[in-house]
Amino acid sequence: MSQVTGGSAHEAPEAVVEFDDITRRYKDVTALDGLTFRIRRGETVALLGPNGAGKTTAAEIILGLQRPDRGEVRVYGGAPAEAISGGRVGAMLQDADLPQGVTPAELIELIRGLYSNPLSLSDVLQLSDLENVAGRKVERLSGGQKQRVRLALALAGDPELLVLDEPTAALDVAARRAFWHRVGASVADGRTVLFATHRLEEADAIASF
């Protein structure tokens, strides 16, 4: 079972995500058991727990990729699908692959085209610190650079809420610090962030800025 920890970037009454008594089972395994929490606008919140604690399940329920067996989830006061279709949510999933043979700039432009009011390409590249490798093929990027590409794709539509599932799990210490520095720049613009992690020190450091 995941723990929820968080810190408010500024006081705001609006509930962005609401979990009320959410339960999700897979046959004989209970991934979430009566999980209840609120995330308000401008907060950075960590779903903290070991592998298998249900963090990915919670993230996927927020994104409308799964439905709970019991309970109610609301994103911006409505069904997750409404927030997703309205471009209010950006996501970075743990096992998301990147296509080969293309550049970060090409991928970002592809995603930008799906939204009515996306960030500019230059803004996305700056926020994700990809300006120097925007024209390099994805397969030539380092692990940390690929994670920043995934972050860039999540930011491209200028979402109000970022959902990040174990975004630094495969990164070394330096790459993790660089990644969270870029996320911090995004939060400074007023976004709300929910991230899943199994690292207690990461939750303590990031969910309190």
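See the structure printed just above.
Residues numbered from 1 in each chain as written. Predicted model: local features only at pLDDT ≥ 70, side-chain atom pairs only at ≥ 80, totals over all residues. Heavy atoms only, no water.

Peer 1: Is there a simple way to think about the sheet that holds strand E3 (residues 29-40) in this case?
Peer 2: Remark on secondary structure: sheet strands pair via backbone hydrogen bonds, oriented parallel or antiparallel. Pairing is antiparallel across the open sheet formed by three strands, whose spatial order is E3-E2-E5. Looking at which strands have only one partner, the edges of the open sheet turn out to be E3 and strand E5 (70-75). Going from strand to strand, the sheet's axes swing by 15 degrees on average, the running direction of each strand aside. Of the strand pairs in this sheet, strand E2 (residues 15-26) and E5 are connected by five bridges, and their pairing is antiparallel. Among the inter-strand pairings, Asp20 is bridged to a residue of E5, identified as Glu72. Set on the sheet, helix H1 (residues 55-62) makes contact with E2, E3 and E5; between it and E2 the angle comes to about 125 degrees. (Pairing = 2+ DSSP bridges. Helix = DSSP H or I, 4+ residues; strand = E, 2+ residues; numbered from the N terminus. Axes fitted to C-alpha atoms, helices over the stretch in contact; angles between N-to-C directions. Contact = heavy atoms within 4.5 Å.)

Peer 1: Would you mind showing me how to read the side chain of Glu166 here?
Peer 2: Within the element layout of this structure, Glu166 appears in the loop between strand E7 (161-165) and helix H6 (173-187). A distance of 3.1 Å separates a polar atom in the side chain of Glu166 from a polar atom in the side chain of His198. Excluding residues within four positions of it along the chain, Glu166 makes contact with Asn51, Lys55, Gln94, Ala196, Thr197 and His198. (Polar contact = N/O pair within 3.5 Å; in protein donor to acceptor, adjacent residues only side chain to side chain.)

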